[in-house]
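Structural features, examined
Chain by chain, the residues:
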Amino acid sequence: MAKLTKFETLKKDFLDSLTAERYELLEKLSDYSSCISDFIFRHTDQLEYIFNSLDQPLLGKEKLLKEAEDILQIQNTDIFCQKLTFFKMKHFSRIVAKDIYKKNDLLDLTEEYSYLADVSFEVCYRKALEKTKKRFGTPIDQETGKEAEGCVIALGKLGGLDLNYYSDVDVIYLYSNEGKTDKGITNREFFGELFRTVTMLMTKRNIEGRAWIVDLDLRPEGSKGFIAYSLPAVEFYYWSHGRTWERHMLIKARHCAGSKNVSDEFLKIIKPFVYRKHAGMEVFEEIVEMKKLIEEEARKKIKGEWDVKRGDGGIREVEFVIQILQLMYGGKFPDIQERRTIKALEKLILHNLIDQEAGRLLKEGYYFLRRLEHIIQIKNCVQTQTFFVKDAKEYAQKLGFSSEEEFFKKLQFYKNKIKDLFTGLSPDIDVKLTGLQRFILTKHYEDEAVDYLKSIGFKDPKWALKMFKDIFFSKIYIELSENSKEVLFEFIPILEKKLKEFPDREDFLLNFRKMMVDGGMLWVFVSALEQNPNLVEFMLNIAKFSDYISDLISKDRELLDWAFGIEEVPEKREDFEKELSIISEKKDFIDRLKRLKKIVEVLVSLRYLSKIHRENPEERLVEINTALSNLADYILDSLYRHFDGKEFAIYSLGKLGSREMNVGSDLDLIFVFKDEQSKNRLLKIPQNIVKALTSYSGEGILYNIDLRLRPFGKGGELSPSLSFYKNYFEREARVWERLAWTKARFITGDPEVKEQMDGLIEDFLFGKPVDREFINEAVDMRFRLEGLVRETPEEIDIKLGKGGITDIEFLIQIYTLKSGERITSILQGVELFKKNLIDDYIFLREVEARLRMIKGIGLSKIYRNSPFLYRISHSFGIEPDNLWDTLIKTKKEIREIFLREMKILREG
């Protein structure tokens, strides 16, 4: 009577009106389910409907749909959701009543309940389609020109027509193809809105509760994925990196609602993915891994509780045994490609893939546990599978056992039998594995893996193992296809060998991990392992050689889309315009320029690295210098225009002036105004340009600026006028400034200012002779620069040190001044004036370029015991000692030529 207290208190007349049979039905329903009791309390007329339905046939999907179609006439969303929930509870109560009175087989009842969910999705889909079309128009398939359609695919127990009485419903939302509506909305937006509406209608709380709990986590990319996918997109996803668990999951995929044509096309796409033509032995390694995860989850016990689904000997272990055998042999025996668990089991028995006795025990155990699960779930109408020992007496009674002891005996019997059969599914793998492979495969033997990594040469093998865990236990690895995982697993010994042979293995592994996991490149790498060995080596070289590129790609996954387009590297203004137009305009303009800079730097660096073992070093050096110089020119011109620049010009000295920009190069900028009036009015524009160039944001920085070469260095004003420069060049400029200004090059700005400034520069450079005094002062300045870096036998500076790049620059700049011809490029000057230095110059510039690519900053110092030396030598294909000796020899040759030439110039 306690179960009917609510009725006794508030609806006694209703109770008094009931016949004994109807009263018994109400009492049983209230005993089994609080939510059904509440439903009948709100709608007492439904008890009569349930009672009259007990001996009636199950309705089936068509009759349920016909009844539900009346809900479609409701326009108000709240009332629609209320009526849908009422419809669900009405038939849920009917199905549970039939189960209590054993009127139908469990499988027939779960099928009916699954159809109830299908019909709910169908009416929600139709209502959402109607609303979305009114708002966005009709979606058009871009390939066929016909209306694009969507569908709901049922998965899990809903897909297998085995839906639990109180469970969420697992689905995937799909649509036929991309395109746009007749109102210009993309199909992705259209179907995204449609299916968000479907989910809302299915799940919105109302005075009746809520109809269903919808789970979309089984869609591609899980909770991070789109709410809906087109068929081409989902086909690419599964075939490029579909996972074993997704093959498991898709065994139960079934049309639920929406367009059956779209569903049928989807099922056609996934069938060969799920059921491979061969016996499926290749899945065994995955089976071992997945079984261990299930076993680990089952071990998470709380005293007095047991998980009917996930625990030892639970429902999941029955399903796992059946589905693994389906995956292994479904391609060979098409009739075992069955969604329903028990029907699949029966077919496996028929094919002798499970023996008769084992099959009988699995079937009986499955029925027993599913009934127990239902009793647990509907009692308080919550999504749970937790068995509480304290409630065992109640479970025993509802399952028809004469005593609690008999119930426990049967429960333990089935748990043990199921566990034995699950544990017995452990194939032997006759493969010789390395210590690392064994750990990755089993998740055990960690100490052995640590010892193995130590033997390879890692100073901190636990750290190295963590790097491998980050890769092989990552979500992106789990998302790889079956075959891709196998390919990557087989690559491990090769990677181990490469790490063992590379002294700077820690940075190599760190960069590899960052690129593969943080940068999302693992699937690209695996694809290369299967199809393109050269690309594999190229990607490994990036990890070995450049922390900078590895880090950029790992932090900015969008750069991945650009990283392999090295045959189409943006190099000219029109290229930069095109790439900038693709970058989202939602970003601030300066941030868009920063993104452009990152893209171009990555691409030109990758192209350079792809050519490091080829002949013609001059060509690859000029390529990277030209592209990065053009990029800086474009960015400065864009900023000039962005800030409405006028009546002034921007010049550059240094590397940008000579068009020899490299990774990490700063900008030596000169701003010059037309006159003092212009400067006073427009002074903020150069200041804004400098601020834009040097300010940090989420996209990083554009460039560091070096203003030391402007008049009076850092203490001078930012943007003097033409008259100032005229006076400065005539009266104040020092000898070394004439050398520096040989690289002066107009970048952007007022043409009139350019014309006058070019004249001033010409007069400054060539108006005075290059005499003995000038040469002496130049040499003295060179020695002072050399003294700043303080080289030692174990440390050299390839730029400012004795015999470094600066020796050649000073020499060429002097010859440029003597020639009377404006040549800003040092490389061009070397080719014109001192061809005997060309190989030495290019060699040092290449070492400098590779040194800068390691960290992405302006480095020129090299230490003999630095790992950088090894990485650079590796890129040249020589030993570190050989590279060091070559550097010493080259610098010595350059210094001898420099001193000899200076003597000739001084005396000439």
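These numbers come from a predicted model, not from an experiment.

Where empty space is left can be seen by rolling a probe of water-molecule size over the atoms. In the structure shown here, the tally under the stated rule is four cavities of 30 Å³ or more. Roughly 50 Å³ of volume is contained in the second largest cavity. Every residue along the wall of the second largest cavity is listed here: Phe-502, Asn-541, Lys-544, Phe-545, Ile-612, His-613, Arg-871, His-874 and Ser-875. Among the residues forming the lining of the second largest cavity, the class breakdown is three nonpolar, four polar and two charged.

Taken over all residues, the pLDDT of the protein chain has a mean of 87, while the share at 70 or more is 92%. A low-confidence stretch, residues 278-282 (pLDDT under 50), is modelled with eight contacts involving residues beyond four sequence positions or located in other chains. Note on residues 427-431: pLDDT under 50 across the span, and four contacts to partners over four residues away in sequence or across chains.

Turning our eyes to something else, we now look at the state of the cysteines. Cysteine pairs can be linked by a disulfide, which is a covalent bond between their two sulfur atoms. If you walk through the whole model with that rule in mind, you get zero disulfides. No disulfide involves Cys-81; its sulfur sits 6.9 Å from that of Cys-124, the nearest cysteine. Since its relative accessible area comes to 0%, Cys-81 is described here as buried. Its relative accessible area of 0% is what places Cys-124 among the buried residues.

A positive phi is found at Lys-102, a non-glycine position, where the angle reads about 55°. Within the secondary structure layout, Lys-102 lies in the loop between helix H7 (77-100) and helix H8 (106-136). Note on Lys-102: relative accessible area 54%, which makes it exposed. Although it is not a glycine, Asn-352 sits at a positive phi angle of roughly 60°. On the basis of relative accessible area, Asn-352 is assigned to the exposed category, the value being 67%.

Here the focus is the pairing of strand S9 (residues 668-673). Among the six residues in S9, six count as buried, and that is most of the element. Side chains Asp-668, Ile-670 and Val-672 project from S9 onto one buried face, and the interleaved Leu-669, Phe-671 and Phe-673 project onto a second face that is buried too. In the sheet, strand S8 (residues 648-653) pairs with S9 via six bridges, with the strands oriented antiparallel. The residue of S9 that forms the bridge with Leu-653 is Asp-668.

Right, let's talk about helix H21 (residues 446-456) for a bit. Residues of H21 that are buried: Ala-449, Val-450, Leu-453 and Ile-456. Relative to the axis of H21, the buried residues are bounded by an arc of 115° and lie together on one face. H21 presents Asp-447, Asp-451, Lys-454 and Ser-455 as exposed residues on the side facing more than 90 degrees away from its buried surface. Just downstream of H21 lies Gly-457, where phi reads positive at about 125°.

The rules we used
- Counting starts from 1 at the beginning of each chain's written sequence and moves along it residue by residue.
- Local features in a predicted model are, by the rule used here, given only for residues with pLDDT of at least 70; side-chain atom pairs are given and counted only at 80 or more, and totals for whole chains, interfaces and linings are based on all residues.
- No hydrogens and no water enter the side-chain calculation; it runs on all heavy atoms of the structure.
- The pocket and cavity definitions rest on a 1 Å grid over protein atoms only: a 1.4 Å probe that fits but cannot leave marks a cavity, an open set with protein on both sides within 12 Å along at least five of seven lines marks a pocket, and residues lining either have an atom within 4 Å of a point.
- Grid points are joined across faces, edges and corners, and a volume is the space filled by probe spheres set on the points.
- Each residue gets one of three labels, nonpolar for Ala, Val, Leu, Ile, Met, Phe, Trp, Tyr, Cys and Pro, charged for Asp, Glu, Lys and Arg, and polar for the others, Gly among them.
- Residue-level confidence of the predictor, termed pLDDT, takes values from 0 up to 100.
- Residue contacts follow a heavy-atom distance rule, with two residues in contact if any of their heavy atoms lie within 4.5 Å.
- To count as a disulfide, a pair of cysteine sulfur atoms needs to be within 2.5 Å.
- Remark: exposure states derive from per-residue accessible area (1.4 Å probe, protein chains only) relative to the maximum for the residue type, with buried under 20%, exposed over 50%, and partly exposed in between.
- Where helices and strands are cited, they refer to DSSP runs of H or I of at least four residues and of E of at least two residues respectively, numbered from the N terminus.
- When DSSP finds at least two bridges between two strands, those strands are taken to pair.
- The directions from the helix axis to the C-beta atoms are what the arc is built from.

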